[in-house]
Every structure is written in structure tokens, then in C-alpha cells.
Amino acid sequence: MAGFGEHKKDFRELGVNIIAASVDPQDKAEIVADEAGLRVAFGVTREQADLLDSWWEERRGIIQPSEFLLDSDGTVLASSYSSGPIGRIDAADIVAMVKHRESQK
């Protein structure tokens, strides 16, 4: 999430909202939010992960990264599901994709 924090200005200029969520309790989620400079929801449950078809790791009771880029009407433009520490969406790629889409309008 640090990369998304680093591109916060770009996202703001493009009108992109970042929504992050974690299984962590509020106090731990606030630490991550402060480090990344983003708002982070907390307490994601297994049931919520299932609604996204995300990978839930039973051993640690966590949701693995599930990332989505939605347009203003909710259409999924890009998504990434991970079952481990690799395969995350790069914030700079999202900035480039949004800029490209905007230039096509």
C-alpha cells in the first residue's frame, strides 16, 4: 500500500478514490493507514472475503490481496487476486491506465 500512498497526489488529481481494507483490528489498521497516508477499513471477515471470491488463508485467518480498479459506474477495469505475497497491482500502473483512459475520452 505504500506505493498507493506515494501516488496519492496523482490519484487525487485524477479523481481516483483509494479504498483499502484489512482483517486487522482498528488499532493495527490505523498504523498501516498512517504509514501509507490512506484510509483503511478494518475487521474484514471471512464472509466478506467470500463475497469477493478472495483467497482466505485459514492458518493465519487473513484475506490475501484482492485488488480492483473500478470506473465511475462500478465496472471492473482491472483486478488482481493473490494467494501469497506476489502479484499485486502497482500504483504507478493504475495512474498510467487512468491517464490513458482519460486521454481516450
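The structure this text deals with has already been given above.
These lines cover the structure that appears in this document, whether it is placed above or below. (Residues numbered from 1 in each chain as written. Predicted model: local features only at pLDDT ≥ 70, side-chain atom pairs only at ≥ 80, totals over all residues. Heavy atoms only, no water.)

**Considerations on the overall build of the chain**
Within the chain, the regular secondary structure consists of five helices and six strands. Counting from the amino terminus, the chain carries its helices and strands in the arrangement α-α-β-α-β-α-β-β-β-β-α. Over its C-alpha atoms the chain spans a radius of gyration of 14 Å, differing by no more than 12% from the 13 Å that the globule rule assigns to 105 residues. In terms of its C-alpha atoms, the chain occupies a principal-axis envelope of roughly 45 × 30 × 25 Å. (Helix = DSSP H or I, 4+ residues; strand = E, 2+ residues; numbered from the N terminus. Rg over C-alpha atoms; globule rule 2.2 N^0.38 Å.)

**Focus on the packing of aromatic side chains**
As enumerated under the stated definition, the model contains two aromatic pairs in all. Ring centres of Phe 68 and Tyr 81 lie 5.5 Å apart, and the angle between their planes is 80°; this geometry places the pair in the edge-to-face category. You can see Phe 68 sitting in strand S5 (residues 66-70) and its partner Tyr 81 sitting in strand S6 (residues 76-81), a full 13 residues away along the chain. (Phe/Tyr/Trp six-rings, centres within 6.5 Å; stacked < 30°, edge-to-face > 60°.)

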